[in-house]
Every structure is written in structure tokens, then in C-alpha cells.
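Coordinate analysis (summary)
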Amino acid sequence: MAFSDIKLEQKQQALAELRSVKELFASRGWFAGTSGNLSVRVGDYTPDEFYFAITASGKDKTVHTPEDYLFVDKDGKACEATSLKPSAETLIHNEIYRLTGAGAIFHVHSVYSAVISEWFWERKAVPVDGVELIKGLNIWEEEAHIDIPIVSNFAEIPRIVPEVTERLDKRIPGIILRKHGIYAWGANAFEAKRHIESFEFLFEYVYRWEMLNGRK
Ligand SMILES: CSC[C@@H](O)[C@@H](O)C(=O)COP(=O)(O)O
Ligand SMILES: [Zn+2]
């Protein structure tokens, strides 16, 4: 399927979803200092051909402008003539879509995710035990244990991609970049939002639990 074959309404819907999620996350203070990026996939999917709308790089995500988003292909290249640059982290979105076929991917920076990713860096995963909001990740076993993978935060994004390939766990709809933030995805924007909110809750829980226990 060529990008031009995708219906205009579908593209407009993706942009409307991005706009409303961006506004909500901004109201929570999740885009400090222009950080964070969001994307929603459009059209049919195969691992070799897909398209998505993504936030343009370096924008103030607390405001709406006509230059907030652009469409890119499976290589992260713009689908239409534009002076906008896609997010600097577009290749991470590309790899997550390629591996999972997700419908939306959201990335935010939070102090809790950054602190606990460093705290658990040696084990390369944040462990969470039996917390109810694990069910928000669509994992329904009682007293489930999950390990949320952490990958390196290299300045060159292409160096991060192979770690995402290696560490992404299809049962867990998220991956943490060390001292950076969370990527969460889902079949659509509704699910990706539920996942990122659940992760952020779990990070704060784990942080507070570790503090309470005075772990060394
Ligand atoms: C300004 S700090 C954040 C960036 O380095 C990056 O991690 C980020 O999340 C936003 O980059 P962007 O290129 O705007 O998508
Ligand atoms: Zn980031």
C-alpha cells in the first residue's frame, strides 16, 4: 500500500488523536523542556511497509501549532514534502512498529522512570510484583511478576535500536531508556495511553516502595 492510498479521513483521525493525547499529557507536565514524542500508525501494516504520524522534533509540546506532526514511512523518511523534521527518536518508533505491529507509540520523560531505571540498571529491568495496575498492561494473572526492560541511552539513536530489538518483550508493552523515559505502545491510541499511564503509576509505586524499605 502506498501512502497516497491511505484515506484522508484516516490521516486526519490520527492527527486528531495525537492532538488530544498531547494536550492531556502536557496538562500532566509530561513534556518538560520539549521532551517526549508521540506517534499513531495509519493504513495497512506489514513489517516491511507501514506509515505513521509523529511529532515534529524539538517543538514545544504544550502548545498546538500547524507544524506539530508529519507522516513518515518504515524508514522514518517523510512521506510528503515538508520542512519539518520528525522526532529525533523516530527510529525507535520504527523499530517498535516493525517488531510489534502496534497502532500507537507514546514516549514521555518522568523523574520516576529516570530514577528507577538507574536504580535497577545493573539488572537491566525494573521488577514489579503483584501490583494491581499490572492489569492495565493487559496482564491478568494473580500476583503477576513483570520485568520492564531497560536499554542504554546512547546519544546516537541508531545505537539504541539494536538493544530495543534484543530486549523488547512482547508480553510487556513498554521499554525504558536509562535515565531518560518510557516508550509504551498499544493496538491503538486508547491502549497506548492506558499502558503509559499504568507504567507511570508502577514506576512511582516501585520508587516509593524502594524508598520505604531503604534499599541499598
Ligand atoms: C529536549 S530533551 C528530549 C530529547 O532529547 C528527546 O529525548 C525527546 O524525547 C524529544 O525529542 P524530539 O526530537 O522532540 O522528539
Ligand atoms: Zn526522549
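Residues numbered from 1 in each chain as written. Chains lettered and ligands numbered in written order. Predicted model: local features only at pLDDT ≥ 70, side-chain atom pairs only at ≥ 80, totals over all residues. Heavy atoms only, no water.

- The name that an unreviewed UniProt entry assigns to the protein chain is Methylthioribulose-1-phosphate dehydratase, with the source organism given as Paenibacillus catalpae.
- The UniProt entry for the protein chain carries this comment under Sequence similarities (unreviewed entry): "Belongs to the aldolase class II family. MtnB subfamily."
- Its UniProt record gives the protein chain a comment under Catalytic activity (unreviewed entry), which states: "5-(methylsulfanyl)-D-ribulose 1-phosphate = 5-methylsulfanyl-2,3-dioxopentyl phosphate + H2O". (UniProt positions renumbered as here; feature names shortened; annotations may be inferred.)

**Thoughts on the nonpolar core**
- Of all hydrophobic cores here, the largest spans 43 residues; its most connected members are Phe-25, Phe-106, Val-126, Val-128, Ile-146 and Ile-148.
- The element that contributes the greatest number of residues to this core is helix H5 (residues 189-212), accounting for seven residues.
- Residues contacting Ile-146, with those up to four places away along its chain left out, are Val-126, Pro-127, Val-128, Ile-134, Leu-137, Ile-139, Arg-171, Ile-172 and Leu-202.
- Formed by 22 residues, the second largest nonpolar core is a distinct cluster that contains Leu-84, Ile-96, Ala-102 and Val-164. (Core = buried A, V, L, I, M, F, W, Y, C linked by side-chain atoms within 4.5 Å. Buried < 20%, exposed > 50% of the residue type's maximum accessible area, 1.4 Å probe, protein only. Helix = DSSP H or I, 4+ residues; strand = E, 2+ residues; numbered from the N terminus. Contact = heavy atoms within 4.5 Å.)

**Structural notes on helix H2 (residues 90-100)**
- Most of H2 is tucked away, with eight of its 11 residues classed as buried.
- Backbone geometry just after H2 places Gly-101 at a positive phi near 65°.

**Topic: the confidence of the model for the protein chain**
- Residues of the protein chain with pLDDT of at least 70 account for 100%, and the chain-wide mean is 97.
- This complex was scored by the predictor with a pTM of 0.98 and an ipTM of 0.97. (pLDDT = per-residue confidence, 0-100.)

**As for the coordination of the zinc ion (ligand 2)**
- Surrounding the zinc ion (ligand 2) are the protein donor atoms His-107 (NE2), His-109 (NE2) and His-180 (NE2), at 2.1 Å.
- The sequence pattern describing where the donors of the zinc ion (ligand 2) fall on their chain is H-x1-H-x70-H.
- Under the relative-accessibility criterion, His-107 is labelled buried at 0%.
- The class for His-109 is partly exposed, based on a relative accessible area of 28%. (Donors = N, O, S within 2.8 Å, 3.2 Å for Na, K, Ca; no water.)

**Re the site of ligand 1**
- As a structural note, the neighbourhood of ligand 1 is formed by 14 residues, with Ser-57, Gly-58, Lys-61, Ser-87 and Glu-89 the closest of them.
- Between an oxygen atom of ligand 1 and a main-chain N or O atom of Gly-58, the distance comes to 2.8 Å.
- Ala-88 is positioned such that a nitrogen or oxygen atom in its backbone is 2.8 Å from an oxygen atom of ligand 1.
- Protein contact buries 73% of the 410 Å² of open area that ligand 1 shows by itself.
- Taken together, the residues of the shell around ligand 1 break down into one nonpolar, 11 polar and two charged. (Near = heavy atom within 4 Å. Polar contact = N/O pair within 3.5 Å; in protein donor to acceptor, adjacent residues only side chain to side chain. Areas by Shrake-Rupley, 256 points an atom, 1.4 Å probe, with all protein chains shown as cover. Nonpolar A, V, L, I, M, F, W, Y, C, P; charged D, E, K, R; others polar.)

**Some words on the UniProt feature "binding site: Zn(2+)" (unreviewed entry) in the protein chain**
- In the numbering adopted here, UniProt assigns the feature "binding site: Zn(2+)" (unreviewed entry) to His-107 and His-109.
- Tracing the backbone shows His-107 in strand E4 (residues 104-108).
- Locating His-109 in the fold gives a position in the loop between E4 and helix H3 (111-119).
- Sequence-distant contacts of His-109, defined by excluding residues within four places in its chain, comprise Trp-30, Ser-35, Gly-36, His-180 and Gly-181.
- Within the structure, the side chain of His-109 is placed 3.2 Å from the side chain of His-107, a separation counted as a polar contact.

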